[in-house]
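# Chain and residue survey
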Amino acid sequence: MVFDETGTEMAIGTGFFYEHSGNYYLITNGHCVTGINPENNTRISSHAGYPTVASVGLLSSHEQTIVNLKDQPRPIGITNFKIPLYMDEHYAQPTWFIHPEHGYRVDVVAIPVCKVNEVPSHLSIFPLNSYPFEVEPEVGDEVFVLGYPFGITDPFEMPIWKKGSIASEPFFSFKGLPMMLIDTATRSGMSGSPVIIKRIGVHGPEEDERFGTASGFAGVYSGRYGVENDKLGRADVQLGIVWKQEVIQEIIVGKAQGTIAFQNL
């Protein structure tokens, strides 16, 4: 997250692409673009700055390094791609959409990027919902949070897979909001990460059972639960907040324009 006029890096987070009706969206947390904690409406950092663009690394066919992917050597590089967070030069009109019912209380935003047919030919975008997920989340499922803890990655900016498990019943809304809890030790930099379910064993209907690994999409990670609010000095319980996958469609379809949260402090 960058203040574009000076090139100052404001924060590091995680996001992923999502395709809907021929358009690409960047999905991440609301607090990543506003710098505001939605639970108490306070600034996350001690400074008064806020990001104006999201700078993301995209796979590029411009040859930089030859690597073997599935036994086929390919040229791969990373190109920084800037996604504007405001429609105007005065930073008064945010580009992102928020949840149409819960607003910033659902800590997920969808940022319009471009139409699918407008992506430059040398760049590659892989929307998460193009993957054929097979399973729905169940309590106790093993999950992985794909992100960048403390900005850790490799030269190709591949994410770190942090393991966890679903700790609350996904069928119910936790505290009246469309979220669930996971048991995992996540860290700063992973806000906005997709949470992926992995099951190993026998899958499918009885007439078409197979053995192997099945995957599912649980939702969007947004931080650890209860850390800031615990005034009793108790140890971190290592529970993470995951917003259910359906909030993404609700946000994109609802098209509720984001507001400039930092002006309301």
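Conventions adopted
Residues numbered from 1 in each chain as written. Predicted model: local features only at pLDDT ≥ 70, side-chain atom pairs only at ≥ 80, totals over all residues. Heavy atoms only, no water. Helix = DSSP H or I, 4+ residues; strand = E, 2+ residues; numbered from the N terminus. Buried < 20%, exposed > 50% of the residue type's maximum accessible area, 1.4 Å probe, protein only. Contact = heavy atoms within 4.5 Å. Polar contact = N/O pair within 3.5 Å; in protein donor to acceptor, adjacent residues only side chain to side chain. Phe/Tyr/Trp six-rings, centres within 6.5 Å; stacked < 30°, edge-to-face > 60°. Pairing = 2+ DSSP bridges. Salt bridge = Lys/Arg side-chain N within 4 Å of Asp/Glu carboxyl O. Arc of directions from axis to C-beta. Patch = residues over 30% accessible without salt bridge, like charges linked within 9 Å, V, L, I, M, F, W, Y side chains within 5 Å. Areas by Shrake-Rupley, 256 points an atom, 1.4 Å probe, with all protein chains shown as cover. Lys, Arg positive; Asp, Glu negative; His and termini not counted. Charge placed at Lys NZ, Arg CZ, Asp CG, Glu CD.

## What to know about the overall build of the protein chain
- Secondary structure assignment for the protein chain yields two helices and 18 strands.
- Each of the 265 residues in the protein chain was classed as buried or not, and the buried ones make up 45%.
- Contacts spanning at least 24 positions in sequence make up 66% of the contacts within the protein chain whose residues lie at least 6 apart.

## A word on unusual backbone geometry
- Phi is positive for Phe150, which is not a glycine, with a value near 55°.
- Take Phe150: it is sitting in the loop between strand E12 (142-147) and strand E13 (160-166).
- Phe150 sits in the exposed class, given a relative accessible area of 59%.
- In this structure, Lys175 takes a positive phi of about 55° despite not being glycine.
- Tracing the chain through its elements places Lys175 in the loop between E13 and strand E14 (179-183).

## Focus: the side chain of Asn23
- By secondary structure assignment, the location of Asn23 is in strand E4 (residues 23-28).
- Side-chain polar atoms of Asn23 contact the backbone oxygen of Ser21, separated by 3.2 Å.
- If we skip the residues at most four places from it in the chain, Asn23 touches Tyr18, Cys114, Lys115 and Val116.

## Description of the packing of aromatic side chains
- Counting across every chain of the model gives 12 aromatic pairs.
- Members of the aromatic cluster, joined through ring pairs, are Phe3, Tyr50, Tyr86, Tyr91 and Trp96.

## Some words on the environment of Arg199
- Note that Arg199 resides in strand E15 (residues 194-203).
- Along the backbone, Arg199 and Ala214 are 15 residues apart, and their C-alpha atoms lie at a distance of 5.2 Å.
- Ignoring anything within four residues of it in the chain, the contact list for Arg199 reads Val135, Glu136, Pro137, Glu138, Asp141, Gly212, Thr213 and Ala214.
- A polar atom in the side chain of Arg199 sits 2.6 Å from the backbone oxygen of Glu136.
- Only 2.9 Å separates the side chain of Arg199 from the side chain of Asp141, close enough to count as a polar contact.

## Some details on the pairing of E4
- Across the six residues that make up E4, a large majority, six, are buried.
- Side chains Asn23, Tyr25 and Ile27 project from E4 onto one buried face, and the interleaved Tyr24, Leu26 and Thr28 project onto a second face that is buried too.
- Direction of pairing for strand E3 (residues 16-20) relative to E4: antiparallel, over a ladder of five bridges. Within E4, the position partnered with Glu19 by the bridge is Tyr24.
- Following E3, the chain reverses through two residues before pairing antiparallel with E4; Ser21 in that reversal takes a positive phi of roughly 50°.

## Quick look at the pattern of salt bridges
- Evaluation of the coordinates by the stated rule reveals four salt bridges.
- As a salt-bridge pair, Asp141 and Arg199 come within 2.9 Å of each other at their nearest N and O atoms. With Asp141 in the loop between strand E11 (123-124) and E12 and Arg199 in strand E15, this residue pair connects regions lying 58 residues apart in the sequence.
- Between Lys163 and Glu142 there is a salt bridge, with the nearest N and O atoms lying 3.7 Å from each other.

## Considerations on the pairing of strand E17 (residues 239-244)
- Of all six residues in E17, five are buried; the element is thus mostly enclosed.
- Pairing between E14 and E17: five bridges, direction antiparallel. Paired with Ile182 across the two strands is Gly240, which belongs to E17.

## Quick word on helix H2 (residues 246-254)
- Here H2 has its buried residues at Val247, Ile248, Ile251 and Ile252. Down the axis, H2 shows its buried residues gathered within 130° of arc, on one side only.
- Residue Lys255 follows H2 closely and has a positive phi angle near 50°.

## Focus on a negative patch on the surface
- Where like charges cluster on the molecular surface, the negative patch consists of Glu101, Glu136, Glu246 and Glu250.
- Position of Glu250 among the secondary structure elements: in helix H2.

## Examining the environment of Gly192
- Considering the arrangement of structural elements, one finds Gly192 in the loop between E14 and E15.
- If near-sequence neighbours (up to four positions away) are discounted, Gly192 is found in contact with Thr14, Gly15, Phe16, Ile27, Thr28, Asn29, Val220 and Tyr221.

## With respect to the environment of Tyr18
- In this structure, Tyr18 sits in strand E3.
- Not counting residues up to four positions away in its chain, the partners in contact with Tyr18 are Asn23, Tyr24, Tyr25, Ile27, Pro127, Asn129, Ile248, Gln249 and Ile252.
- Polar side-chain contacts of Tyr18 include one of 3.5 Å to the side chain of Gln249.

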